[in-house]
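Tertiary structure, described
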Amino acid sequence: MNILVTGGFGFIGTNFILKFINNKNINILNYDSLTYAGNKNNLTSIDHYSNYNYIIADVCDRKLVNRTIVKFKPDIIVHFAAESHVDRSIEDPFQFINTNIMGTSVLLNESLAYYNTLNDEAKKRFKFIHISTDEVYGSTRGESFTEDSNFSPNSPYSASKASAEHLVNAWNRTFKLPVNIVNCTNNYGPFQYPEKLIPLTIINCMLNKPIPIYGKGDNIRDWIHVEDHCDAIYNIIINSIIGEKYNVGGESEFKNIDIVTTICSLVDKYHPSDSAQTYSKLITFVDDRPGHDFRYSLNIEKIKNTLNWLPKKNIHDGLDSTVKWYVDNKKWWMNLIKSKESVL
Ligand SMILES: NC(=O)c1ccc[n+]([C@@H]2O[C@H](COP(=O)([O-])OP(=O)(O)OC[C@H]3O[C@@H](n4cnc5c(N)ncnc54)[C@H](O)[C@@H]3O)[C@@H](O)[C@H]2O)c1
């Protein structure tokens, strides 16, 4: 099975590749332009694998996308590449529109051109799997969102991801490109760029810096360990029904303040402060983000019932191992926060 992974040097892409590259029936080509969020060092341990290769290129580059697809002949395309940080989308929306909307349209178009050249057997194997987010549904104070819920994105990031989903659906309905969409909640785990809440909290504890929390920290997010998300994507690759979208979540909803205080106590355990004080003293409430969604919540019954997938990692074990990973891999994140693109 040839899998073209876009954005494989990012957080989820890296975890996906490392998880499945040991299966020698799988060849992976990683297509990534190495923005600030991409890190080549994540995958140097598999550089010598004969079933892994990468190309540094932009998903908006039509010619390169075309050449790559024609040469690699993917059975599966897993499209992770995106601008992914909401705060950055408020400061500079246009890069989000470019990569997340234009880039997705280029990939869809070149995938379709390639798909139309395949014989019937290869056509049956082909799937374009688009990785999207729970944020496209907007915020809820009531019921969890199902796959049939309407879109109501509030940030430039979620609006760009919602737009990309419309395009993916259009390429399926109009041109019959075989697609699936995965809407996932907040991922956590190793290799996440340190601007996101969980790694930022761990790192600020270790550097003894204030831990900023928007508003009063009451906003609610569902958290899923990245390995569970990667397993769900693999299950979708193997078992999905073409044209369907699947909500994926950890069924672990917490207020931001509760996640942050839990992390502080885990850093207390693995990297105690010299002053013997708890790191939760570093928590600093800051002005709320404009358009900050109160609660994201997904109903994941469809993937549970139709594909027999369940999140396996308990949040407490998952956070414990994640904190330990960042404590043990200080060099990894120090290199990132020293880089000139870092805003940390
Ligand atoms: N992290 C989460 O909690 C989460 C939750 C739900 C959905 N998602 C979605 O999953 C996907 C991956 O998220 P992530 O957290 O790994 O993101 P990330 O920001 O860590 O990584 C993005 C990767 O895409 C690459 N990239 C960016 N622009 C590119 C371009 N124009 N051409 C080629 N490569 C480009 C970057 O270099 C980087 O390696 C995204 O589509 C995101 O919207 C993420």
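Refer to the structure presented above.
A brief structural summary. (Residues numbered from 1 in each chain as written. Predicted model: local features only at pLDDT ≥ 70, side-chain atom pairs only at ≥ 80, totals over all residues. Heavy atoms only, no water.)

Description of helix H1 (residues 11-20)
Of all 10 residues that make up H1, eight are buried, and the element is covered over most of its length. Residues Phe 11, Ile 12, Gly 13, Thr 14, Asn 15, Phe 16, Ile 17 and Phe 20 constitute the buried set of H1. Considering only its buried residues, H1 is in contact with strand S1 (2-6), strand S2 (27-32), strand S3 (52-56), strand S4 (76-79), strand S7 (186-188) and helix H8 (226-239). (Buried < 20%, exposed > 50% of the residue type's maximum accessible area, 1.4 Å probe, protein only. Helix = DSSP H or I, 4+ residues; strand = E, 2+ residues; numbered from the N terminus. Contact = heavy atoms within 4.5 Å.)

A word on the sheet that holds strand S5 (residues 127-133)
Ordered by their spatial adjacency, seven strands build an open sheet running S3-S2-S1-S4-S5-S6-S10, and the pairing between neighbours is parallel. Of all the strands in the sheet, the pair left with one neighbour each is S3 and strand S10 (245-248). For this sheet the average axis-to-axis angle between neighbouring strands, irrespective of direction, equals 20°. In this fold helix H2 (residues 62-72) packs onto S1, S2, S3 and S4, with an angle of close to 175° to the strand it touches most, S2. In the packing of helix H4 (residues 93-115) onto the sheet, the strands contacted are S1, S4 and S5, and the crossing angle to S5 comes to about 165°. (Pairing = 2+ DSSP bridges. Axes fitted to C-alpha atoms, helices over the stretch in contact; angles between N-to-C directions.)

Thoughts on the site of the ligand
Contacts to the ligand come from 28 residues, most closely from Ile 12, Asp 32, Ser 84, Tyr 157 and Lys 161. Between Thr 35 and the ligand, the recorded distance is 3.0 Å, taken from a backbone N or O atom to an oxygen atom. Its free accessible area being 840 Å², the ligand has 96% of it covered by the protein chains. Elements represented by at least two residues in the shell around the ligand include exactly H1, S5, helix H6 (156-175) and S7. (Near = heavy atom within 4 Å. Polar contact = N/O pair within 3.5 Å; in protein donor to acceptor, adjacent residues only side chain to side chain. Areas by Shrake-Rupley, 256 points an atom, 1.4 Å probe, with all protein chains shown as cover.)

As for the pairing of S4
For a regular strand, side chains alternate in direction, first toward one face of the sheet and then toward the other. Of the two faces of S4, the one lined by Ile 76 and Val 78 and the one lined by Ile 77 and His 79 are each fully buried. With four bridges joining them, S1 and S4 adopt parallel strand pairing. Bridge pairing links Thr 6 to His 79 in S4. In this sheet, S5 lies alongside S4 in parallel orientation, the contact comprising four bridges. Its bridge partner being in S5, Ile 76 is matched across the sheet by Lys 127.

A closer look at unusual backbone geometry
Both trends apply: most residues other than glycine have a negative phi, and most peptide bonds are in trans. Positive phi is not limited to glycine here, since Phe 191 has a value of about 75°. Relative accessible area serves as the criterion here: at 15%, Phe 191 is assigned to the buried category. Phi at Glu 251 takes a positive value of approximately 50°, unusual for a residue other than glycine. Positionally, Glu 251 belongs in the loop between S10 and strand S11 (253-255). What makes Glu 251 partly exposed here is its relative accessible area of 48%.

Points about the packing of H1 against H8
Packing of H1 against H8 brings their axes to within 9 Å, and their N-to-C directions diverge by 65°. Here H1 is positioned roughly perpendicular relative to H8, judged by the angle of their axes. At the point where H1 passes H8, the crossing takes the right-handed sense. On H8, the residues that touch Phe 11, Ile 12, Asn 15, Phe 16, Lys 19 and Phe 20 of H1 are Val 226, Glu 227, His 229, Cys 230, Asp 231, Ile 233, Tyr 234 and Ile 237. Per-class residue counts for the contact of H1 with H8 are nine nonpolar, two polar and three charged. (Parallel < 35°, antiparallel > 145°, perpendicular 65-115°, else oblique. Left-handed = near helix turned anticlockwise from the far one by under 90°. Nonpolar A, V, L, I, M, F, W, Y, C, P; charged D, E, K, R; others polar.)

Regarding helix H12 (residues 330-338)
Taken residue by residue, H12 has Trp 332, Trp 333, Leu 336 and Ile 337 as its buried positions. Looking straight down H12, one finds its buried side chains confined to an arc of 120°; they lie on one side. With respect to the buried face of H12, the exposed residues turned more than 90 degrees away are Lys 331 and Lys 338. Tucked inside the fold, the buried residues of H12 contact helix H7 (197-206) and helix H11 (315-328). (Arc of directions from axis to C-beta.)

Structural notes on the pattern of salt bridges
Applying the stated criterion across every chain, the model contains 15 salt bridges. Where Glu 227 meets Lys 19, a salt bridge forms, and the shortest distance between an N and an O atom there is 3.5 Å. On the criterion of sequence distance, the pair formed by Glu 227 in helix H8 and Lys 19 in helix H1 is long-range, its members being 208 residues apart. The exposure class assigned to Glu 227 is partly exposed, which follows from its relative accessible area of 34%. A salt bridge links Asp 75 to Arg 125; the nearest nitrogen and oxygen atoms lie 3.0 Å apart. Here Arg 125 lies in helix H5 (residues 120-125) and Asp 75 lies in the loop between H2 and S4, a separation of 50 residues in the sequence. (Salt bridge = Lys/Arg side-chain N within 4 Å of Asp/Glu carboxyl O.)

Notes on the nonpolar core
Membership of the largest hydrophobic core comes to 39 residues, with the highest contact counts inside it found for Phe 16, Val 78 and Ile 303. Setting aside chain neighbours within four positions, we find Ile 303 in contact with Ala 232, Ile 236, Tyr 246, Asn 247, Val 248, Asn 308 and Trp 309. Grouped together as the second largest cluster of nonpolar side chains are 32 residues, Val 267, Ile 315, Leu 319 and Val 327 included. (Core = buried A, V, L, I, M, F, W, Y, C linked by side-chain atoms within 4.5 Å.)

Regarding the pairing of S2
S2 sits mainly inside the fold: five of its six residues count as buried. After leaving S1, the chain enters H1 and then returns to the sheet as S2, a path that is right-handed. (Right-handed = clockwise from strand over helix to strand, strands pointing away.)

Digging into the sheet that holds S11
Within a sheet, adjacent strands bond to each other through the backbone by hydrogen bonds, running parallel or antiparallel. The three strands lie next to each other as S7-S9-S11, forming an open sheet whose pairing is mixed. Of all the strands in the sheet, just S7 and S11 have a single pairing partner and so form its edges. Pairwise comparison of adjacent strand axes, ignoring direction, gives a mean angle of 50° for this sheet. As paired elements, strand S9 (residues 220-225) and S11 share three bridges and run antiparallel to each other. Of the residues in S11, the one forming a bridge with Arg 221 is Phe 254. Sitting on the sheet, helix H9 (residues 256-270) touches S9 and S11, and the angle it makes with S11 is about 85°. Against the sheet, H11 contacts S7, S9 and S11, and its axis sits at roughly 50° relative to S7.

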